[in-house]
Amino acid sequence: MDNVLVTGGAGFIGCNFIRYLQEQCPQSKIINLDALTYAGSTENLTDLPSPERYTFVEGDICQYSTIEKIFQEHKIDTVVHFAAESHVDRSIHGPGQFIQTNIVGTFTLLEVARHFWITKKEEAPQNTRFHHVSTDEVFGSLEPEDPAFQETTSYDPSSPYSASKASSDHLVRAYSHTYGLPITITNCSNNYGPNQFPEKLIPLMIMNATQGKPLPLYGDGQQVRDWLYVEDHCEAIFCVITKGKLGETYNVGGDNQPSNREIVQSICRILDEYFPNSPSHPHKSLITFVKDRPGHDRRYAMNIDKIHQDLGWQPRESLESGLRKTIDWYLNNGSWLSKVSQDAGYEQWLQKNYKER
Ligand code: NAD
Ligand code: TYD
């Protein structure tokens, strides 16, 4: 891992991964290719441990020539591919960009990697790897009694987001089978932690609760997600990149499966403890049940035996400790929150798409 291309490194998981990788491999050079959409911000990368070994390129993963130039200039040996449109709600309002970035963008990256690593084999570095970061949502929804998703579970995506990620997973595997591209894939459950854009459940609830605004739970709030603290995800990806078998897929999850209602109540309980004199105390009084998301998946759960048994990874953070860290981070980074929300035109987006709130 001399020269690592990270795509989408200005987003939530990508920026946490870049910091993690710099701590683990101070000798690696990291090139971050990011289009700086509403979800990406250079504000996420102001505190890198080794800024001198980091290069930022603003560009689109759908642009072959941009990626080709990066491979040429930096002799890329490892790709860690995060860049994507990542929010299910936005994929319902406007699926087109999800098809473009998640499918066409992944295809374009694969084409450049194939060109440099396979076609021009004699010039390619020895230890090349294309790691694709994907989601548990490709497997669809579980009934209450169903066993957790395994790596062998059939794909059954429900939303335009999960369908586009499923397509990208298939493309990555096809490039391994057809061209021998050295790939690995991780399918991970819902992440939370520092630097997550406040449209996702946990930061949205922290932000609204501290501002005394309603906490909108979709439907009956009994949907279940398998929450993982972002640093645990970064460690899992690092394990797979350094020790994972080429061609393999690994499931990653938090072994934490509360309902949305339970998780929001936990956030409210912690905030009650921090702010006993808040006018919003008890914060759970802010919970409001709103119209359900169309096609809303009921339950996700990940079986993480393979990555545990083969690579020795397991999550370190409990939900309680991870939530406390996350809440502390958001409370201490109010200016980050205002800046990224403002730069992204988030308020306007909400007003346009959720008039009823
Ligand atoms: P994010 O939305 O926070 O960040 C995505 C980043 O990709 C942003 O910086 C954005 O600017 C960039 N980007 C978008 N389109 C681009 C393009 N065309 N070219 C270059 N850059 C582009 O997403 P995230 O939550 O950090 O997720 C990262 C990856 O992990 C995604 O592939 C997502 O599917 C996957 N994943 C996310 C979760 C989760 O809970 N957040 C869970 C499992 C898997
Ligand atoms: P989200 O963070 O959007 O992630 P994903 O859809 O990828 O799982 O949502 C997590 C869960 O929280 C999901 O079941 C939808 C629900 N949710 C709400 O109930 N209210 C909200 O305002 C949001 C954003 C999500």
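See the structure shown above.
Summarised in this report is the structure supplied together with it.

Cut-offs applied
- Residues numbered from 1 in each chain as written.
- Chains lettered and ligands numbered in written order.
- Predicted model: local features only at pLDDT ≥ 70, side-chain atom pairs only at ≥ 80, totals over all residues.
- Heavy atoms only, no water.
- Near = heavy atom within 4 Å.
- Polar contact = N/O pair within 3.5 Å; in protein donor to acceptor, adjacent residues only side chain to side chain.
- Areas by Shrake-Rupley, 256 points an atom, 1.4 Å probe, with all protein chains shown as cover.
- Helix = DSSP H or I, 4+ residues; strand = E, 2+ residues; numbered from the N terminus.
- Salt bridge = Lys/Arg side-chain N within 4 Å of Asp/Glu carboxyl O.
- Buried < 20%, exposed > 50% of the residue type's maximum accessible area, 1.4 Å probe, protein only.
- Arc of directions from axis to C-beta.
- Contact = heavy atoms within 4.5 Å.

**Details of the site of ligand 1**
Surveying the vicinity of ligand 1 reveals 28 residues, the closest of which are Ile13, Asp34, Ser86, Tyr161 and Lys165. In this structure, Ser86 approaches ligand 1 through a side-chain N or O atom, which is 2.6 Å from an oxygen atom. In the environment of ligand 1, an oxygen atom lies 2.6 Å from a nitrogen or oxygen atom belonging to the side chain of Lys165. If ligand 1 stood free it would expose 840 Å²; the protein chains cover 96% of that surface. When contributions to the shell around ligand 1 are tallied by element, the ones reaching two or more residues are helix H1 (12–24), strand S5 (129–135) and helix H5 (160–179).

**A word on the site of ligand 2**
The environment of ligand 2 is made up of 16 residues, and the closest members are Glu137, Asn190, Pro216, Arg293 and His296. Between ligand 2 and the protein, one listed contact pairs a nitrogen atom with a backbone N or O atom of Pro216 at 2.8 Å. Interatomic distance of 2.9 Å between a backbone N/O atom of Tyr218 and an oxygen atom of ligand 2. Look at ligand 2: alone it shows 510 Å² of surface, and the protein chains cover 97% of it.

**Regarding the pattern of salt bridges**
Counted according to the given criterion, the structure contains 13 salt bridges. One salt bridge connects Arg298 with Asp220, and the closest N-O pair in it is separated by 2.8 Å. Here Arg298 is found in the loop between strand S11 (287–290) and helix H9 (305–311), whereas its partner Asp220 is found in the loop between strand S8 (215–218) and strand S9 (228–229), with 78 residues between them in sequence. Residue class for Arg298 comes out partly exposed when judged on its relative accessible area of 37%. Here Lys339 and Asp343 are joined by a salt bridge, their closest N and O atoms 2.8 Å apart. Taken together, the residues span about one helical turn, with Lys339 and Asp343 both in helix H11 (residues 334–343) at a distance of four residues. One continuous salt-bridge network, built from bridges that share partners, spans Arg269, Glu273, Glu320 and Arg324.

**Some points on helix H2 (residues 64–74)**
Since one α-helical turn is 3.6 residues long, residues separated by three or four positions face the same way. Three or more residues of H2 are buried, namely Ile67, Ile70, Phe71 and His74. Here the buried residues of H2 occupy an arc of 95 degrees about the axis, which is enough to place them on one side. Among the exposed residues of H2, those pointing more than 90 degrees away from its buried face are Lys69 and Glu73. Directly after H2, the chain includes Lys75, whose backbone phi takes a positive value near 45 degrees.

**Thoughts on the side chain of Ser280**
By the element assignment, Ser280 lies in the loop between helix H8 (260–274) and S11. Setting aside its immediate chain neighbours within four residues, Ser280 contacts Ala209, Gly212, Ser285 and Leu286.

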